[in-house]
Amino acid sequence: MNYKNYPMVSRVVFGRGSFNQLGDIIAPKRLNRKAPFIFLVDDVFKGNPLITSRISLSYDDQLIFVSANEEPKTSQVDEMVEQIILTHKDRPSGIIGIGGGTVMDLAKAVAIMINNEGEAKDYQGWDLVKNPAIYHVGIPTISGTGAEVSRTTILTGPERKLGINSDFTPFDQVILDPELTQDVPKDQWFYTGMDCFVHCIESLKGTYLNAFSQSYGEKSLQLCKEIFLEDSLSVEEAQDKLMMASWHGGMSIAYSQVGVAHAMSYGLGYLLGVKHGIGNCIVFEHLEEYYPEGVAMYKAMRKKHNISIPQGICSHLHDDEFDIMIDVALSLTPLWENAIGKNWEKTITREKLKSLYQKM
């Protein structure tokens with residue numbers, strides 16, 4: 001039997017205020033004065049000294065503010081890469097992503113595409129990347145996505161929503177500073193935290209489960225219960241623990257996979273532009289058949305924090321639009337194999353998925 005030799009983030013700093021060390025951490029990685037560091041920063045921080053005052057630009061370094069209002073697209077990656085190449089004579093020393101899952105995924109994808117020919121859509125899938133990415137750093141400002149630790153970068157392309165899953169995708173360096181998550185709106189905190197929770201449930205209930213995935217998934221699930229169901233933590237403790245839950249949740253699917261919620265959420269994201277965290281919540285509401293205990297726990301968390309989930313987002317769709325979402329969902333074979341097993345196609349029919357989407 002062949003076992004996959006998965007890469008991990010090789011260096012990580014954790015601690016409140018550790019973002020202040022960014023300059024010292026990346027300085028030895030500068031190739032030369034004309035090889036810039038490119039900082040991709042969520043535009044929610046534009047004019048916010050919490051972030052901007054602590055980014056030190058030198059030589060030809062460039063700060064690019066990125067909107068996270070929409071899920072990242074392959075075309076967006078291609079445009080960024082072209083802009084960077086045309087603006088700077090030398091290849092960048094590195095890409096630093098500062099933000100949520102959208103910015104994390106863009107940073108990983110741009111770092112890959114600077115060293116690989118063609119368009120980002122050509123690399124959507126598993127192990128298609130030929131050349132190593134340039135040095136790239138991830139600094140999450142919201143916790144839950146697991147994007148800071150995963151070997152994929154989820155992108156919406158012209159034909160599908162699918163990750164660039166490769167050994168070259170993970171960050172070379174991650175800085176985990178829980179202070180950066182202090183201003184996250186409550187709804188967004190919940191939606192993104194539930195992305196982490198769903199990672200755990202889908203990993204722990206999947207056919208791909210093994211001791212490696214289980215150890216990370218169980219720890220992440222324990223942390224999620226503390227954060228979202230108990231009242232024993234201070235604000236700072238909850239921030240610290242959710243950041244680690246995100247890390248462990250991401251690691252739980254490194255040697256495993258996600259499942260039904262993610263497969264169907266990708267369909268919502270592709271057709272309707274529904275953001276990933278809230279998309280998982282919308283789908284998970286209706287998955288008692290597959291994850292009865294997880295759905296019950298999720299609903300208890302939603303009720304405890306008084307979070308509302310959008311209703312009826314598929315009520316106006318036509319058959320051809322349902323078909324588009326179903327095509328996207330069904331294309332994700334590894335997710336269905338993990339969720340249902342090798343014979344998943346016997347039960348996961350187009351009619352079954354349509355009936356689930358119609359509930360949303």
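Given the structure is predicted, the values throughout are model-derived calculations rather than measurements.

### Here we look at the overall build of the chain
Then step 1. The secondary structure content of the chain amounts to 12 helices and nine strands.
Then step 2. Relative to its 360 residues, the chain shows a buried fraction of 56%.
Then step 3. Put simply, 78% of the contacts in the chain that link residues at least 6 apart link residues at least 24 apart.
Then step 4. Counting every atom, the chain has about 15,500 Å² of accessible surface; 49% of that belongs to carbon and sulfur.
Then step 5. Treating the 34 positive side-chain charges of the chain as one cloud and the 45 negative ones as another, the clouds have centres 3 Å apart.

### Description of the layout of surface pockets
Then step 1. Empty space within the second largest pocket amounts to approximately 390 Å³.
Then step 2. Taken together, 19 residues form the lining of the second largest pocket, with Trp189, Ile227, Val235, Ala238 and Gln239 sitting closest to its centre.
Then step 3. Broken down by secondary-structure element, the contributors of at least two residues to the lining of the second largest pocket are α5 (211-229) and α6 (235-252).
Then step 4. With four residues, α6 is the largest single contributor of residues to the lining of the second largest pocket.
Then step 5. Residue composition of the lining of the second largest pocket, grouped by class: eight nonpolar, seven polar and four charged.

### Observations regarding the environment of Glu218
Then step 1. Structurally, Glu218 can be placed in helix α5.
Then step 2. Of the residues examined, Glu218 reaches a relative accessible area of 41% and is grouped as partly exposed.
Then step 3. Separated by 92 residues in sequence, Glu218 and Pro310 have C-alpha atoms that sit 29 Å apart.

### Remarks on the pairing of strand β8 (residues 161-165)
Within a regular strand, the side chains alternate between the two sheet faces.
Then step 1. Of all five residues in β8, five are buried, a share of seventy percent or more.
Then step 2. Two elements, strand β5 (residues 125-126) and β8, share two bridges in a ladder whose sense is parallel. Its bridge partner lying in β8, Gly125 is registered against Ile164.
Then step 3. The turn joining strand β7 (residues 154-156) and β8, which pair antiparallel and follow one another in sequence, is formed by four residues.

### Considerations on the nonpolar core
Side chains that are nonpolar tend, in soluble globular proteins, to be buried together.
Then step 1. Counting residues in each nonpolar core, the largest one holds 60 residues, and the members touching the most others are Phe197, Leu268, Phe284 and Leu287.
Then step 2. Considering every element that reaches this core, the biggest residue donor is helix α4 (residues 186-204), with nine residues.
Then step 3. In contact with Phe284, not counting residues within four places along its chain, are Phe197, Val198, Ile201, Ala261, Tyr291, Gly294, Val295 and Tyr298.
Then step 4. Counting 35 residues, the second largest nonpolar core, distinct from the first, contains Met104, Met113, Phe171 and Met251.

### Digging into the sheet that holds β8
Then step 1. Pairing is mixed across the open sheet formed by three strands, whose spatial order is β5-β8-β7. The open sheet has two edge strands with one neighbour each: β5 and β7.

### Let's talk about the packing of α4 against helix α8 (residues 276-284)
Then step 1. One can describe the packing of α4 onto α8 by two numbers: an axis separation of 8 Å at closest approach and a directional angle of 60 degrees. The pairing of α4 with α8 is recorded here as oblique in orientation. Seen from above, α4 lies across α8 with left-handed handedness. Two secondary-structure elements touch here, α4 through Phe190, Tyr191, Met194, Asp195, Phe197, Val198 and Ile201 and α8 through His276, Gly277, Ile278, Asn280, Cys281 and Phe284.
Then step 2. Looking at the contact of α4 with α8 residue by residue, the class counts come to nine nonpolar, three polar and one charged.

### Side note on the packing of aromatic side chains
Then step 1. With the rule as written, the count across this model stands at 10 aromatic pairs.
Then step 2. An aromatic cluster of at least three residues, connected via ring pairs, comprises Trp189, Phe190, Phe197, Phe228, Phe284, Tyr291 and Tyr298.

### So, unusual backbone geometry
Of all residues except glycine, most have a negative phi; of all peptide bonds, most are trans.
Then step 1. Positive phi, normally seen in glycine, also occurs at Tyr59, with a value near 50 degrees.
Then step 2. With respect to the helices, strands and loops of the structure, Tyr59 is situated in the loop between β2 (37-42) and β3 (62-66).
Then step 3. What makes Tyr59 exposed here is its relative accessible area of 52%.
Then step 4. A positive phi angle, near 55 degrees, is found at Asn306, a position not held by glycine.
Then step 5. Assignment of secondary structure puts Asn306 in the loop between α9 (292-304) and α10 (319-330).

### A short note on α4
Then step 1. If you check α4, its first and last C-alpha atoms are 27 Å apart, about what 19 residues at 1.5 Å a residue would give, namely 27 Å.
Then step 2. Most of α4 is tucked away, with 15 of its 19 residues classed as buried.

### Section: the side chain of Asn116
Then step 1. Residue position: Asn116 is located in the loop between α3 (101-113) and β5.
Then step 2. Among the polar contacts made by the side chain of Asn116, one reaches the main-chain amide nitrogen of Lys130 at a distance of 3.5 Å.
Then step 3. Residues within four places of Asn116 in sequence aside, it is in contact with Tyr123, Val129, Lys130 and Asn131.

### Regarding the environment of Val110
Then step 1. Topologically, Val110 is positioned in helix α3.
Then step 2. Sequence separation between Val110 and Ser58 is 52 residues; the distance between their C-alpha atoms is 21 Å.
Then step 3. Every residue in contact with Val110, bar those within four places of it in the chain, is listed here: Leu40, Val77, Met80, Val81, Ile84 and Ile95.

Scoring rules and cut-offs
Residues numbered from 1 in each chain as written. Predicted model: local features only at pLDDT ≥ 70, side-chain atom pairs only at ≥ 80, totals over all residues. Heavy atoms only, no water. Helix = DSSP H or I, 4+ residues; strand = E, 2+ residues; numbered from the N terminus. Buried < 20%, exposed > 50% of the residue type's maximum accessible area, 1.4 Å probe, protein only. Contact = heavy atoms within 4.5 Å. Areas by Shrake-Rupley, 256 points an atom, 1.4 Å probe, with all protein chains shown as cover. Lys, Arg positive; Asp, Glu negative; His and termini not counted. Charge placed at Lys NZ, Arg CZ, Asp CG, Glu CD. 1 Å grid on protein atoms, 1.4 Å probe; cavity = no way out; pocket = protein on both sides within 12 Å on 5 of 7 lines; lining within 4 Å. Points joined across faces, edges and corners; volume = space filled by probe spheres on them. Nonpolar A, V, L, I, M, F, W, Y, C, P; charged D, E, K, R; others polar. Pairing = 2+ DSSP bridges. Core = buried A, V, L, I, M, F, W, Y, C linked by side-chain atoms within 4.5 Å. Axes fitted to C-alpha atoms, helices over the stretch in contact; angles between N-to-C directions. Parallel < 35°, antiparallel > 145°, perpendicular 65-115°, else oblique. Left-handed = near helix turned anticlockwise from the far one by under 90°. Phe/Tyr/Trp six-rings, centres within 6.5 Å; stacked < 30°, edge-to-face > 60°. Expected span 1.5 Å × (residues − 1). Polar contact = N/O pair within 3.5 Å; in protein donor to acceptor, adjacent residues only side chain to side chain.

As far as function goes, none of this settles anything; it's purely spatial.
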